[in-house]
There are 4 protein chains.
Amino acid sequence: MKNSFGSNLTVTLFGESHGPAVGAVLDGLCPGLPVDEAAIAAQLAKRSPQTEADTARREPDRFEIISGVFEGHTTGTPLCLLIRNEEARSGDYTYGPARPSHADYPAFIKYHGFEDYRGGGHFSGRVTAAIAAAGGILLPALEKKGIRIGTHILRCAGTEDEPFAENAAALTAQLDQLNAKSFPVLNDAAGKAMTAQILAAREEKDSVGGITETVISGLPAGLGEPWFDSAEGLLAHAVYSLGGVKGVEFGLGFGFAAEKGSRANDPYRLDGAGNIVTESNHNGGILGGITTGMPVLFRCAVKPPSSIAQPQNTVDFLRGEETVLTLSGRHDPTILRRICPVLDSLAVLVSADLLTGRFGCDWFIKE
Amino acid sequence: MKNSFGSNLTVTLFGESHGPAVGAVLDGLCPGLPVDEAAIAAQLAKRSPQTEADTARREPDRFEIISGVFEGHTTGTPLCLLIRNEEARSGDYTYGPARPSHADYPAFIKYHGFEDYRGGGHFSGRVTAAIAAAGGILLPALEKKGIRIGTHILRCAGTEDEPFAENAAALTAQLDQLNAKSFPVLNDAAGKAMTAQILAAREEKDSVGGITETVISGLPAGLGEPWFDSAEGLLAHAVYSLGGVKGVEFGLGFGFAAEKGSRANDPYRLDGAGNIVTESNHNGGILGGITTGMPVLFRCAVKPPSSIAQPQNTVDFLRGEETVLTLSGRHDPTILRRICPVLDSLAVLVSADLLTGRFGCDWFIKE
Amino acid sequence: MKNSFGSNLTVTLFGESHGPAVGAVLDGLCPGLPVDEAAIAAQLAKRSPQTEADTARREPDRFEIISGVFEGHTTGTPLCLLIRNEEARSGDYTYGPARPSHADYPAFIKYHGFEDYRGGGHFSGRVTAAIAAAGGILLPALEKKGIRIGTHILRCAGTEDEPFAENAAALTAQLDQLNAKSFPVLNDAAGKAMTAQILAAREEKDSVGGITETVISGLPAGLGEPWFDSAEGLLAHAVYSLGGVKGVEFGLGFGFAAEKGSRANDPYRLDGAGNIVTESNHNGGILGGITTGMPVLFRCAVKPPSSIAQPQNTVDFLRGEETVLTLSGRHDPTILRRICPVLDSLAVLVSADLLTGRFGCDWFIKE
Amino acid sequence: MKNSFGSNLTVTLFGESHGPAVGAVLDGLCPGLPVDEAAIAAQLAKRSPQTEADTARREPDRFEIISGVFEGHTTGTPLCLLIRNEEARSGDYTYGPARPSHADYPAFIKYHGFEDYRGGGHFSGRVTAAIAAAGGILLPALEKKGIRIGTHILRCAGTEDEPFAENAAALTAQLDQLNAKSFPVLNDAAGKAMTAQILAAREEKDSVGGITETVISGLPAGLGEPWFDSAEGLLAHAVYSLGGVKGVEFGLGFGFAAEKGSRANDPYRLDGAGNIVTESNHNGGILGGITTGMPVLFRCAVKPPSSIAQPQNTVDFLRGEETVLTLSGRHDPTILRRICPVLDSLAVLVSADLLTGRFGCDWFIKE
């Protein structure tokens with residue numbers, strides 16, 4: 001399938017920005033998981049525009065569960081959820097001149113002009129609301145198994161946040177804090193500086209990029225396949241669905257390029273409880289594609305949003321003429337803040353898929 | 001499937017480093033493709049140890065086509081190829097103390113100690129010989145369709161190679177040159193400096209990392225899916241099978257983090273022939289997951305090989321005891337050179353899969 | 001995926017009998033197909049209870065297209081359609097005593113008691129409304145390509161209908177007639193006898209089984225795979241989703257058991273236009289799993305509905321006690337009439353999947 | 001994938017009748033299964049020509065395990081096995097005149113004339129040697145879990161064998177007996193009559209069809225999916241790979257057509273040990289696509305082999321001319337005997353796939 005992901009636990013996405021709704025079907029869920037509507041709503045709320053640094057578009061993001069839940073628990077049959085589009089203003093969009101660095105032109109080639117071009121259609125970030133919600137269904141089940149997931153903005157414009165802590169207890173504390181923040185950084189001073197830069201970019205009718213960092217702690221060792229379903233490959237595949245992501249790295253990532261084996265290797269040792277751990281975690285919790293039991297750590301390069309209010313050279317592909325396009329509408333000067341819960345949800349889905357494949361579909365409700 | 005990749009054209013890998021053979025099954029091939037055994041051999045030769053900077057282990061890499069080829073052409077049925085392991089020395093390997101940053105320990109957890117641990121078993125780089133060969137089957141078919149693929153070492157230790165040219169003719173010339181070189185760099189002086197650093201690392205019983213850069217030119221616009229089978233997602237998924245790859249980025253990649261939309265966007269224009277092209281190619285030929293017709297460009301962070309001849313702290317996981325391990329055996333001080341044809345072959349396989357899905361399985365033999 | 005079918009064109013089903021809705025997601029559709037809401041409604045109408053021989057439950061079957069359609073055409077992105085459940089009366093169902101020959105007990109084991117047991121939940125024939133509608137989306141596109149599909153009741157209780165004609169023009173006339181009938185038989189006298197038997201069975205608080213026959217004419221030769229995705233295997237796989245189907249045969253089917261090769265083989269000849277055809281079509285248009293260009297012909301054994309109003313011995317699986325169950329509620333004394341459009345739609349989906357895989361996703365809109 | 005089957009445990013087939021070898025790759029195997037080469041050889045031996053009623057072609061069927069086995073146990077990585085073709089005589093085959101009711105003509109359309117036509121190529125029954133062997137790898141693991149599988153010839157020409165016993169102990173005894181017989185029937189007198197009819201058919205340069213019956217006992221309840229991966233759908237899909245199978249039915253199968261619900265339903269009761277069982281097993285151990293814990297029972301209609309030594313009308317599709325073809329070569333007058341172990345192996349593979357998906361990949365080595 002094309003718009004689906006996951007071998008054992010599969011998510012299928014559908015919907016267009018200005019159609020009736022976006023949504024997802026989750027198949028392969030363990031029966032008997034409590035479905036916490038508040039957890040779903042919380043994921044949606046994190047993703048929704050809310051701070052001064054976000055788009056002025058306000059989406060209520062009311063979701064409806066169509067199937068697969070009965071008396072508050074998953075049934076184990078496909079769970080379809082819908083999020084209606086209540087706030088779409090089609091008037092803001094036109095067809096013909098390709099918005100630079102958006103999917104308009106390749107979509108036109110792919111779909112022969114039949115695509116719903118309004119607001120990016122099926123390419124719209126709006127579809128990520130369905131991802132966020134899907135993650136919200138499984139997040140409590142993972143937490144119950146001791147698996148914690150969180151994402152912060154590591155870099156925005158010129159400002160850097162603190163990294164995730166290596167110490168397990170400190171990391172847990174960081175994740176608890178992140179969960180409560182509307183702007184997901186570990187260091188609030190860095191967050192303020194980032195916000196200022198985002199607002200300045202909007203003032204200049206421009207947009208800014210940055211880097212996110214995601215951690216999955218508590219994932220058992222032994223998940224993933226050597227060829228080709230490595231834990232890295234599955235996570236990168238999922239994350240590259242997001243049009244704004246242009247780089248994914250694990251552990252030291254591109255930092256390995258300047259390293260030597262003697263410093264980059266992660267020596268093993270026994271921890272106090274006799275567990276096998278690594279002293280460093282340069283490999284981001286994955287070796288040979290298989291999880292090691294150390295926290296899985298990846299960073300994403302997020303490009304500045306392509307929608308900017310400055311005039312841009314482009315081509316009207318219906319007429320085959322060069323033209324200049326100035327976008328109006330309500331745009332985010334960065335997607336860094338809003339992409340974090342979406343990355344969390346993707347990490348949830350990939351983790352749950354790997355766990356289901358390894359331990360069977362009932363693992364989540366076993367003691 | 002776990003050890004398979006591709007929706008329409010699927011490759012399945014099998015084999016262990018010290019077992020009878022490694023190999024691949026290709027399914028979904030267009031019938032009627034000329035099978036050029038020299039092209040397969042050439043891919044294998046590029047990957048085989050040959051320069052002074054490589055491991056001393058010499059593998060003849062004779063391949064045998066078991067099925068799917070008749071009278072010099074693909075039949076369209078599954079093509080199985082085998083590469084016998086003729087040069088394995090099992091004596092160099094022991095079981096128990098995990099080699100740091102190798103897959104030994106997660107493999108032990110995953111396979112409960114039943115894995116073939118000799119030389120990394122199924123995790124061995126040896127399996128990439130099958131990938132290289134599989135790519136060699138399809139490479140001529142892609143070239144006949146005007147699709148060119150090549151990889152060079154962009155950075156090794158501290159030395160940087162020239163980047164790929166933006167100009168199409170210049171890029172073609174670069175790819176022609178690369179094809180003829182035993183050390184895949186565009187600037188030979190840079191290549192010499194890199195080789196010196198590699199040899200120095202070996203002298204120090206150490207290893208070095210770096211960055212590769214791969215280009216796919218001539219790929220038509222419109223390939224890939226928005227969710228989840230983006231062109232980026234498929235390429236990254238494939239490439240992350242290689243245990244040494246810890247980062248993948250497209251176009252500016254992590255460079256986007258410091259950019260603003262006004263500079264990072266790729267404006268469209270018409271070229272002399274009236275085709276829609278972009279002035280810059282910061283997005284590496286992919287927007288919203290769909291190819292734009294511009295060259296697809298990605299870079300991989302390649303970690304220094306984990307096998308180094310220095311003593312390393314580790315744990316004997318059979319006994320649960322900390323220990324010190326000093327590896328003997330014949331190891332590469334870097335995999336940068338040998339990974340290039342493997343990346344080319346993975347790019348071949350992903351491209352062919354996307355083309356097959358879009359145009360049907362007979363596209364390759366249509367005029 | 002579990003609740004999905006199709007490699008290139010995929011349908012995913014969701015929904016429970018007494019939940020908010022049932023529905024389907026179609027992925028891999030050709031962009032630019034006109035979506036004829038009347039054709040969808042017609043498929044739903046054929047499946048809905050309407051004759052005196054059907055259940056008294058009346059379902060309005062209003063459908064809503066949530067995504068993947070824009071300005072009356074498919075966009076090529078996932079098409080989600082919903083059919084709300086407006087007529088469910090939960091009071092008719094209880095949990096605990098397994099209805100004999102329904103899925104209640106195996107579902108209880110599979111889902112650990114978390115299944116939505118009302119009206120069969122996800123196992124309900126209600127879900128086939130989504131299949132019928134999904135077929136309605138593609139039926140006009142297939143007809144435009146000269147592919148005709150139809151199903152009649154070949155046998156019901158003791159009465160046999162005429163078989164499909166071997167002559168192409170006669171077959172087309174039969175399919176046209178079938179399309180216009182509320183009770184899908186070729187011989188109306190047979191239909192009347194069948195209806196009488198169905199009504200008699202209801203009178204006896206019983207139900208009757210039978211055999212359906214489906215034809216797909218105009219399908220090009222060369223579709224299907226030798227191992228394992230044979231045209232027969234895909235059709236049988238799809239059709240066995242229907243809980244009431246317990247046998248599937250192609251061409252002579254079980255009649256081959258009494259045959260010799262000399263009589264059973266289908267000799268080739270040239271027709272008037274020089275096309276290669278077979279004199280007989282004992283193999284039902286499929287050889288070695290691949291379509292031959294002759295009409296694809298298959299029959300399904302349909303069991304009598306398990307819901308009968310007589311007392312039946314069973315076990316209350318919550319209490320682990322034997323008990324006697326007498327079902328109330330509104331039940332069909334046979335599903336033979338209503339299964340026909342569902343079989344048509346499944347044949348549509350499998351045909352479209354095979355055609356998409358072979359000719360690429362744009363084939364349907366090519367001239 | 002096309003030539004693969006199974007979601008969790010996947011088998012991929014390759015090879016042509018007159019190429020170097022046929023083979024299979026099994027992926028998703030539990031690590032740590034003892035690989036009993038004798039069990040593999042036994043499956044191959046059952047399938048190999050050996051009685052007077054079989055083809056005169058004698059195949060040694062030596063297999064080689066290429067990967068995925070180490071020190072006598074599965075490693076959990078892909079297991080590739082090869083069976084060399086040592087006995088092929090290409091001279092017996094020509095290209096052009098389509099053998100009636102073989103795949104020659106549809107294969108020519110599908111593969112554009114590039115197919116290996118010798119002996120049916122990839123369509124050859126020779127490929128089923130790889131299926132038989134693949135089943136032999138897993139058969140002991142299933143038996144250790146209390147799952148028994150067997151197939152007998154239920155009908156051949158006019159002669160009927162006894163059916164499988166409903167009583168569990170009696171069924172086990174039958175399976176033990178079947179295992180030891182070279183001609184798989186329960187009633188030896190019936191077997192002798194069948195053999196006489198087979199030999200008579202050969203004498204008449206003809207071939208005969210029949211019906212097989214397969215049982216899988218001991219399979220736990222709760223396996224399979226409602227839409228579309230029903231236990232019936234998966235088994236039928238697998239079995240329809242065999243070109244000679246033209247009908248598949250479960251339980252009463254086509255016998256349901258003449259039944260009423262009141263007689264056809266399977267009432268539940270508690271057995272002596274308090275387990276929930278059904279009094280009859282008309283549904284063949286599957287309800288709503290899910291296993292019930294009762295024996296899974298299916299029958300296959302097997303057509304008479306298409307290769308007969310009588311002159312047959314056909315078309316030379318290279319020249320587009322009608323012609324008469326008289327086949328020489330060594331052919332089976334029936335495949336009924338030799339298909340039984342192949343059906344067993346397919347049942348093994350589907351069962352193992354379902355079990356792996358449900359309980360995780362390590363289930364087979366858990367106590």
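Residues numbered from 1 in each chain as written. Chains lettered and ligands numbered in written order. Predicted model: local features only at pLDDT ≥ 70, side-chain atom pairs only at ≥ 80, totals over all residues. Heavy atoms only, no water.

A.B. asks: Got a minute to help me understand the overall build of chain A in this structure?
C.D. replies: Counting its secondary structure elements, chain A contains 8 helices and 18 strands. Relative to its length of 367 residues, chain A is compact, with a C-alpha radius of gyration of 21 Å against a globular reference of 21 Å. On the principal axes, the C-alpha backbone points of chain A span a range of 65 × 50 × 40 Å. A total of 367 residues make up chain A; the buried ones form 67% of that total. For chain A, contacts bridging at least 24 residues in sequence account for 71% of all contacts bridging at least 6. Put simply, chain A shows about 11100 Å² of open surface, and 51% of that area lies on carbon and sulfur atoms. Here chain A contributes 32 positively and 43 negatively charged side chains, and the mean placements of these two sets differ by 2 Å. (Helix = DSSP H or I, 4+ residues; strand = E, 2+ residues; numbered from the N terminus. Rg over C-alpha atoms; globule rule 2.2 N^0.38 Å. Buried < 20%, exposed > 50% of the residue type's maximum accessible area, 1.4 Å probe, protein only. Contact = heavy atoms within 4.5 Å. Areas by Shrake-Rupley, 256 points an atom, 1.4 Å probe, with all protein chains shown as cover. Lys, Arg positive; Asp, Glu negative; His and termini not counted. Charge placed at Lys NZ, Arg CZ, Asp CG, Glu CD.)

A.B. asks: Hey, could you run me through the interface of chain C and chain B in this one?
C.D. replies: In many reports, interface size means the accessible area that the parts give up when they come together. Counting residues at the interface gives 7 residues for chain C, matched by 7 residues for chain B. For the pairing of chain C and chain B, the buried interface totals around 560 Å² over both sides, and the portion due to carbon and sulfur atoms is 36%. For D362(C), the salt bridge identified is with R358(B), shortest N-O distance 3.3 Å. Looking at the side of chain C that touches chain B, its residues break down into 2 nonpolar, 3 polar and 2 charged. (Buried area = accessible area lost by both parts, 1.4 Å probe. Salt bridge = Lys/Arg side-chain N within 4 Å of Asp/Glu carboxyl O. Nonpolar A, V, L, I, M, F, W, Y, C, P; charged D, E, K, R; others polar.)

A.B. asks: Looking at this structure, how should I read the relation of the copies chain C and chain B?
C.D. replies: Related by rotation about an axis and a shift along that axis, the two copies of the chain form a pair. Of the two same-sequence chains, chain C is brought onto chain B (RMSD 0.0 Å, axial shift 0.0 Å) by a rotation of 180°. In symmetry terms, the pair is related by a two-fold rotation axis. Measuring from the rotation axis to each C-alpha of chain C, the shortest distance belongs to G360(C), at 2.0 Å. A share of 100% of interface residues in chain C that are also interface residues in chain B marks the association as one of identical surfaces. (Least-squares fit on C-alpha atoms with pLDDT ≥ 70 in both.)

A.B. asks: I tried to follow the interface of chain D and chain C on my own but got confused; where do I start?
C.D. replies: Counting residues at the interface gives 102 residues for chain D, matched by 101 residues for chain C. Regarding the contact of chain D and chain C, the summed buried area is about 8200 Å², with carbon and sulfur atoms giving 60% of it. Taken together, the links from chain D to chain C amount to 6 salt bridges. Measuring nitrogen to oxygen at the nearest pair gives 3.1 Å for the salt bridge that ties E204(D) to K260(C). Along the contact surface separating chain D from chain C lie 55 residue pairs in polar contact (both at pLDDT 80 or more). Residue classes in the side of chain D that touches chain C are distributed as 49 nonpolar, 33 polar and 20 charged. Strand direction decides the pairing type here: strand β11 (residues 245-250) of chain C and strand β11 (residues 245-250) of chain D, joined by 3 bridges, are antiparallel. The residue bridging E249(C) from the neighbouring strand is G247(D), located in β11(D). (Polar contact = N/O pair within 3.5 Å; in protein donor to acceptor, adjacent residues only side chain to side chain. Pairing = 2+ DSSP bridges.)

A.B. asks: Where do I start with the pairing of strand β18 (residues 321-325) of chain B in this structure?
C.D. replies: Sheet faces and side chains relate simply in a regular strand, where the side chains alternate between the two faces. Strand direction decides the pairing type here: strand β17 (residues 312-316) of chain B and β18(B), joined by 5 bridges, are antiparallel. Counted as the bridge partner of N313(B) is V324(B) from β18(B).

A.B. asks: Mind showing me how you'd approach the packing of helix α1 (residues 37-47) of chain B against helix α8 (residues 336-359) of chain B here?
C.D. replies: How two helices sit against one another is set out by the angle between their axes and by the gap between those axes. All names here are of chain B. Running from N to C, α1 and α8 cross one another at 145°; their axes reach a closest spacing of 7 Å. Contacts between α1 and α8 pair Q43, K46 and R47 from the former with R337, R338, P341, V342, D344 and S345 from the latter. Of the residues belonging to the contact of α1 with α8, the class tally is 2 nonpolar, 2 polar and 5 charged. (Axes fitted to C-alpha atoms, helices over the stretch in contact; angles between N-to-C directions.)

A.B. asks: Mind showing me how you'd approach the side chain of K303(D) here?
C.D. replies: Tracing the backbone shows K303(D) in the loop between β16 (296-302) and β17 (312-316). No salt bridge is formed by the buried K303(D); its nearest oppositely charged neighbour, D266(C), is found at 6.6 Å. Here the side chain of K303(D) touches S101(D) through a polar contact of 3.4 Å, landing on its backbone oxygen. Excluding anything up to four places from it in sequence, K303(D) contacts F256(C), N283(C), L287(C), S101(D), V208(D), G209(D), G243(D), G244(D) and K246(D).

A.B. asks: Explain the sheet that holds strand β9 (residues 159-160) of chain D to me, please; I cannot follow it from the model alone.
C.D. replies: By way of backbone hydrogen bonds, the strands of a sheet pair with one another, either parallel or antiparallel. In space, the 10 strands of this open sheet follow the order β9(C)-β8(C)-β10(C)-β16(C)-β11(C)-β11(D)-β16(D)-β10(D)-β8(D)-β9(D), with antiparallel pairing throughout. This sheet does not close on itself; its edge strands, each paired only once, are β9 (159-160) of chain C together with β9 of chain D. Sheet strands touched by helix α8 (residues 336-359) of chain C: β8 (148-156), β10 (210-217), β11 and β16 (296-302) of chain C. Its angle to β8(C), the strand with the most contacts, is close to 145°. Across the sheet, helix α4 (residues 168-180) of chain D is in contact with β8 (148-156) and β10 (210-217) of chain D; its angle to β8(D) comes to roughly 75°.

A.B. asks: Is there a simple way to explain the packing of aromatic side chains in this structure?
C.D. replies: Here the distance between the centres and the angle between the planes together describe a pair of aromatic rings. Inspection of the entire model under this criterion finds 42 aromatic pairs over all chains. Aromatic side chains Y111(A) and F123(A) sit 6.4 Å apart centroid to centroid with 65° between the ring planes, which places their arrangement in the edge-to-face category. One end of the pair, Y111(A), is in helix α2 (residues 104-111); the other, F123(A), is in the loop between α2 and α3 (128-144), and 12 residues separate them in sequence. Judged on exposure class, the residue Y111(A) and its partner F123(A) are both buried. With centroids separated by 5.7 Å and ring planes inclined at 40°, the aromatic side chains of F250(A) and F298(A) adopt a geometry described as tilted. With a gap of 48 residues between them, F250(A) in strand β11 (residues 245-250) and F298(A) in strand β16 (residues 296-302) connect regions that are remote in the sequence. The same class applies to F250(A) and to F298(A), which are both buried. Here the aromatic cluster, defined as three or more aromatic residues joined through ring pairs, consists of Y105(A), F108(A), F317(A) and Y268(B). Of note, K145(A) hangs over the ring of W363(A), and the distance from its end group to the ring centre comes to 4.4 Å. (Phe/Tyr/Trp six-rings, centres within 6.5 Å; stacked < 30°, edge-to-face > 60°. Lys NZ or Arg CZ within 6 Å of the ring centre and 35° of its normal.)

A.B. asks: Just to check I follow, could you spell out unusual backbone geometry for this structure?
C.D. replies: Backbone phi values are negative for most residues with the exception of glycine, while trans is the configuration of most peptide bonds. Between W227(A) and F228(A) the backbone carries a cis peptide bond, its omega angle lying at 0°. In this structure, H112(C) takes a positive phi of about 60° despite not being glycine. Tracing the sequence through the fold places H112(C) in the loop between α2 (104-111) and α3 (128-144). Residue H112(C) is classed as partly exposed on the basis of its relative accessible area, which comes to 34%.

A.B. asks: Honestly, the sheet that holds strand β4 (residues 63-65) of chain C in this entry has me stumped. Any pointers?
C.D. replies: Residue and element names in this part refer to chain C. What the 5 strands build is an open sheet, ordered β1-β2-β3-β7-β4; its pairing is antiparallel. Of all the strands in the sheet, just β1 (4-5) and β4 have a single pairing partner and so form its edges. Relative to the sheet, helix α1 (residues 37-47) contacts β4 and β7 (79-84), its axis offset from that of β4 by approximately 145°.

A.B. asks: It is not clear to me how the relation of the copies chain D and chain C should be interpreted in this structure. Could you clarify?
C.D. replies: Mapping chain D onto chain C is achieved by rotating through 180° and translating by 0.0 Å along the same axis, at an RMSD of 0.0 Å. Comparing interface residues between copies, 99% of those in chain D also sit at the interface in chain C, which points to an isologous, same-surface contact.

A.B. asks: What is the right way to read the environment of V248(D) from this model?
C.D. replies: Structurally, V248(D) can be placed in strand β11. Separated by 52 residues in the primary sequence, V248(D) and C300(D) have C-alpha atoms spaced 4.6 Å apart. Residue contacts for V248(D): discarding those within four places in its chain leaves Y240(C), G247(C), V248(C), F254(C), A236(D), V239(D), Y240(D), F298(D), R299(D) and C300(D).

A.B. asks: Before we go on, may I ask you to explain the confidence of the model for chain A in this structure?
C.D. replies: Atom-level detail of predicted coordinates should not be read off regions where pLDDT is low. Averaged over every residue, the pLDDT of chain A is 94; residues scoring 70 or more account for 97%. Predicted complex metrics record ipTM = 0.97 and pTM = 0.97. (pLDDT = per-residue confidence, 0-100.)

A.B. asks: I'm lost on the side chain of T75(B) in this one. Help?
C.D. replies: Tracing the backbone through its elements, the reader meets T75(B) in the loop between β6 (73-74) and β7 (79-84). Looking at T75(B), the relative accessible area reads 2%, which means it is buried. In this structure the side chain of T75(B) is engaged in a polar contact, spanning 2.5 Å, whose partner is the side chain of T77(B). Apart from residues no more than four positions distant in its own chain, T75(B) is found in contact with P31(B), G68(B), V69(B), F70(B), E16(D), Y111(D), F114(D), E115(D) and D116(D).

A.B. asks: I keep staring at the nonpolar core and nothing clicks. Help me out?
C.D. replies: Taken as a class, soluble globular proteins show a tendency for nonpolar side chains to be buried jointly. Judged by nonpolar contacts, the single largest core of 157 residues is most densely connected at V248(A) and V248(B). Counting residues in hydrophobic clusters, the runner-up holds 156 residues, among them A141(C), I40(D), I131(D) and A190(D). (Core = buried A, V, L, I, M, F, W, Y, C linked by side-chain atoms within 4.5 Å.)

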